[in-house]
Structure formats: C-alpha cells, structure tokens
Amino acid sequence: MKKTLATAALTALMAAGPVMADLVFPSLSYRTGPYAAGGIPFADGYADYFTLLNERDGGIGGVKTKLLECETGYNTEKGVECYESTKGEGALVYQPLSTGITYQLIPKTTADDIPMHTMGYGRTSAANGDVFSHTFNYPGTYWNGASGAVNYLLEINNGDIKGKKIALVYHNSAYGKEPIRTLEELSKKHGFELSLLPVDHPGQEQKSQWLQIRREKPDNVLMWGWGVMNQVAIQEAANIRFPMENFIGIWWSGAEHDVMPAGAKANGYKALTFHNVGRDFPVFADMQKYVVDAGKAAGAGDQIGNVLYNRGMYAAMLAAEAAKTAQEIHGTKDITASMMRDGMEALSITEEKMDSLGMPNFGPSFEVSCENHGGPGLVGVTQWDAENKTWSLISDFKATDMEVIGALIEADSTSYAKENNIASNCNK
C-alpha cells in the first residue's frame, strides 16, 4: 500500500510538469577595494530587486531568480576570473560594472553565446548591434553623456558656447578616456576650447590639475571620475572657489558619497543621469515590505533611494524585463542565455510598463533592436542640494547629438569588425 501511494504521488508530481531551474543572474560586484563606496549600494540595489521579484511575484514568469555574486574589487583580472567561474552555472546575462572588464569580456561572451549589459559604461561603439551581437549598453552611453553635457551648456547659454573654455578632468583609464573623441568632435562643431586633465588612479592627487584650472579659468569643468577621485575633485574645486553650478560630472560622479565630504561647499554641483533620483516611487514601498522588513535585504536597507542603489535596482529591472520578453518570444519560462540575448534585443520599455512596475518616470522610454543596442541615448541633469542632502532632476531626459555620435560609433565598430573578421549580425 505504501509503495502504491508513493508511486501515485510520484506520478502526480511528474504530471504537474518539470521543476524549472532558477533563472541565474551573476553579480560582478566590488564591495572591497578603492571603489567600494560606489560598488556596495549598486550591488545591494541589484540583489534586492531580484529578491523582491522572488518574494512578491514568485520570480519571473513563475520561475525563481538566483543571484550569483562574485567579488571583483573592480579589478579586470578578477572580473574575468569571476566570469569564467560562473558562466557554467546557467548565467543569463553579465553586468561587469567596469569598462576594463567589459573590453575583456566582449569576445568571451560572444563566443559563449551569453549576453552582456554595460548600462551607461563600457565600449560605446557596442551600441552597434550589427557588429557587437552580445553586448548591450542601453539606455545610453558615455558618448551620449558627453553630448548631453554639451547640449546642457548650449541650453543655458542660449545656444552659443563658441569661445567658451571647457576642461575635462578624467580618470586616466579606458573609462575616463571614453568621452574624449566625442568632446573633440563637439568642440569643432560648436567652437569651444577643450582642455584635457587626466588624473591617475585612484585619484587622491589632483593639486596640479586644479592649479591649472585656477590659472586657465575654464567656463565649465566636466568630470569622468570614480571613487575617491570624485570627492577629492569636488573638494579641490571648492578650495579654488570654482563655481559648483559650472561643474558637471558623468553619472558615475554624482552619488551621495561623492559630495557629502565637502559639506555645504558642494552645494549646486551637477551630474548627468539616465535615470531618476530619490525614493518617491511606489516600488520602494514594496521593497520595504517584502525585502527590508522581511530581513532579506542585501545590506542594511538604508541605501534605498540613494543614486547608486537606484541604479543597481534599475539594472536589475531591465534584466528582469528582458527575461520576461525572452520567455514570451520563445514560449518557455526556462530560458537560456541565448534566449535572454533575444529578449534583450527585443526589449521595449514604455511609460505604461514603468508605471505598472511602480517606477513611473524612473527612466526614459526606449526600444532596443538588432541594429541599436544602445537605446535612445537620452540624458538628464541632476543637482545636489547640500542643505537637504538630496539630488534633484533639473532637466528632462533629452536627446543627444546622434549625428556626431552615430558617425563615431560607425567608424569604431567598423574598424573592430574588420580587425576581428565579424560579418553582419543583422542581415542574416
């Protein structure tokens, strides 16, 4: 009798369908090292959103998600090691969070048929999906950021910045050098004078750069910084009394920990962004209820609403929506990395979808296609209020100069395709 009951139970279980494997999302985090202050809140936001989906929704399409966190310390070699050690665990998509790691993983992920999302960083020309089949950088790139900064300066100067002096203070790495070509082209187009001021890793020594800025008196300073470099730059700017409202950082130079050390002197500092700021979004009530209050948060739960926590959550949301899209395209909940790539390439983010996720106006609406893996390249501007310790979005997400950017993407991606003997991905 016991044997009969056991057999019946097993038969019923098999009839109910196969148990789905978890949907695996690696997290190449850096909670240690010189850039940990930025890495921790991003990793927390990324992890917490997947936890929210599991606890509130039962996962994605009824399949639980599994986070595989691997510490890189923002080190390229460790990042590659993390990729190699986790790719066989069912990894659906990689977010390397480093331009250096990105460059190393582009050929590897392509060969392994695993997509990679370098949201707002990495190799900008990967926006050309016809060449870079497995790399995505929607909703915007560093070249969009460079153009967005110039467009903002045009806007506040009545459309004319001819003769203006603009200095770029940048991290002396592949990351920091990304906007230079775009700014050089834009300087020719709009007639501004561009000066380049590299800062060596990790960025604590900047006296000479800011003495040069004091001598040359640029009208505006742009910054491609990261980690302690941002804090030091903002403090040095304050020391020479450079007007903070004329100082604009890229989106990796505009978080709370970048400005807080300078206190009131950081008031008015600006930073570019491709997503909204603050915690005035319905999704955070769910995050509090299902994740933080339930004791399942990746961190202490005190980073919700901070810039980099929001960015990590946004990255996870885009990954989850791409996974849903892949499930719909292929008619299965148990998707593979190859299917995930298809979902990313067909991703459509509408305001209606954002609203249904409890994230209205959290980021721009956009669509991805085979030819365009970079999205619309819309860029907003935020500003720091030192008294209230809050960032505010002071500009809508606006279009960037795709005439200039598109030509640069075409030239760089075509060169890459020739060097690596890559045929068209979109005309098969």
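See the structure above.
Structure report, in brief. These figures come from a predicted structure and were not determined experimentally. (Residues numbered from 1 in each chain as written. Predicted model: local features only at pLDDT ≥ 70, side-chain atom pairs only at ≥ 80, totals over all residues. Heavy atoms only, no water.)

1. Here's the deal with the environment of Ala285
Right, on to step 1. In this fold, Ala285 is placed in helix α11 (residues 283-292).
Right, on to step 2. As a C-alpha pair, Ala285 and Leu378 span 93 residues in sequence and 28 Å in three-dimensional space. (Helix = DSSP H or I, 4+ residues; strand = E, 2+ residues; numbered from the N terminus.)

2. Some remarks on the nonpolar core
Most often, soluble globular proteins have nonpolar side chains that are buried together.
Right, on to step 1. Formed by 111 residues in total, the largest nonpolar core has its most connected members in Phe25, Tyr49, Phe247, Trp252, Tyr314 and Met340.
Right, on to step 2. The element that contributes the greatest number of residues to this core is helix α12 (residues 307-330), accounting for 14 residues.
Right, on to step 3. Dropping the residues within four chain positions of it, Met340 is found in contact with Phe25, Leu92, Val93, Pro115, Ala319, Ala322, Ala323, Ala326 and Ile335.
Right, on to step 4. In terms of nonpolar packing, the next biggest core, distinct from the first, is built from 18 residues, Val80, Ile106, Met116 and Tyr416 among them. (Core = buried A, V, L, I, M, F, W, Y, C linked by side-chain atoms within 4.5 Å. Buried < 20%, exposed > 50% of the residue type's maximum accessible area, 1.4 Å probe, protein only. Contact = heavy atoms within 4.5 Å.)

3. Points about helix α9 (residues 228-239)
Right, on to step 1. In a regular helix each residue adds 1.5 Å, so 12 residues correspond to 16 Å; α9 covers 16 Å between its end C-alpha atoms and thus fits that length.
Right, on to step 2. On its buried face, α9 is in contact with β5 (165-171), β6 (193-199), α8 (207-216), β7 (220-224), β8 (247-249) and α10 (256-259).
Right, on to step 3. Immediately downstream of α9, the backbone of Arg241 shows phi near 60 degrees, a positive value. (Expected span 1.5 Å × (residues − 1).)

4. Considerations on empty space enclosed by the protein
Right, on to step 1. This model, assessed by the stated rule, comprises four cavities of 30 Å³ or more.
Right, on to step 2. If you add up the space inside the largest cavity, you get close to 90 Å³.
Right, on to step 3. Taken together, Tyr30, Tyr74, Leu97, Ser98, Thr99, Tyr121, Tyr142, Tyr175, Trp226 and Trp252 make up the full set of residues lining the largest cavity.
Right, on to step 4. Here the residues of the lining of the largest cavity sort into eight nonpolar, two polar and no charged. (1 Å grid on protein atoms, 1.4 Å probe; cavity = no way out; pocket = protein on both sides within 12 Å on 5 of 7 lines; lining within 4 Å. Points joined across faces, edges and corners; volume = space filled by probe spheres on them. Nonpolar A, V, L, I, M, F, W, Y, C, P; charged D, E, K, R; others polar.)

5. Digging into helix α5 (residues 142-156)
Right, on to step 1. The end-to-end C-alpha separation of α5 is 21 Å, in line with the 21 Å expected for 15 residues at 1.5 Å each.
Right, on to step 2. Within α5, 12 of the 15 residues are buried, which leaves it mostly tucked inside the rest of the structure.
Right, on to step 3. All of the buried residues along α5 are Tyr142, Trp143, Asn144, Gly145, Ala146, Ser147, Gly148, Ala149, Val150, Tyr152, Leu153 and Leu154.
Right, on to step 4. Just downstream of α5 lies Asn158, where phi reads positive at about 55 degrees.

6. Section: the environment of Gln212
Right, on to step 1. Residue placement: Gln212 occurs in helix α8.
Right, on to step 2. Sequence separation of Gln212 and Gly176 is 36 residues, and the distance between their C-alpha atoms is 19 Å.

7. A look at the pattern of salt bridges
Right, on to step 1. As enumerated under the stated definition, the model contains 17 salt bridges in all.
Right, on to step 2. The shortest N-O distance in the salt bridge between Lys87 and Asp112 comes to 3.1 Å. Separated by 25 residues along the polypeptide, Lys87 in the loop between α3 (76-86) and α4 (99-112) and Asp112 in helix α4 bring together distant segments of the chain.
Right, on to step 3. Asp112 gets classed as partly exposed once you look at its relative accessible area, which sits at 32%.
Right, on to step 4. The partner of Asp401 in a salt bridge is Lys189, and the shortest N-O contact between them spans 2.7 Å. Of this pair, Asp401 sits in the loop between β13 (390-393) and α15 (402-419) while Lys189 sits in helix α7 (residues 180-190), and the two are 212 residues apart along the sequence. (Salt bridge = Lys/Arg side-chain N within 4 Å of Asp/Glu carboxyl O.)

8. Here's the deal with the packing of α5 against α7
Right, on to step 1. In the contact formed by α5 and α7, the axes pass within 9 Å of each other and the chain directions differ by 30 degrees. Taken as axis vectors, α5 and α7 run roughly parallel relative to one another. Of the two possible hands of crossing, α5 and α7 adopt the one that is right-handed. On α7, the residues touching Trp143, Ala146, Ser147, Val150 and Leu154 of α5 are Arg181, Thr182, Leu183, Leu186 and His190.
Right, on to step 2. Residues that form the contact of α5 with α7 fall into these classes: six nonpolar, three polar and one charged. (Axes fitted to C-alpha atoms, helices over the stretch in contact; angles between N-to-C directions. Parallel < 35°, antiparallel > 145°, perpendicular 65-115°, else oblique. Left-handed = near helix turned anticlockwise from the far one by under 90°.)

9. Considerations on the pairing of β7
The two faces of a sheet get side chains in turn, since along a regular strand they alternate between them.
Right, on to step 1. Among the five residues that make up β7, five are buried, leaving the element largely enclosed by the rest of the structure.
Right, on to step 2. Burial of the side chains of β7 extends over both faces: Asn220, Leu222 and Trp224 are buried on one face and Val221 and Met223 on the other.
Right, on to step 3. With five bridges joining them, β5 and β7 adopt parallel strand pairing. Directly across from Ile166, in β7, lies its bridge partner Asn220.
Right, on to step 4. Bridge count for β7 against β8 is three bridges, and the pairing is parallel. Paired with Leu222 across the two strands is Ile248, which belongs to β8.
Right, on to step 5. With α9 bridging β7 and its parallel neighbour β8, the resulting β-α-β unit is right-handed. (Pairing = 2+ DSSP bridges. Right-handed = clockwise from strand over helix to strand, strands pointing away.)

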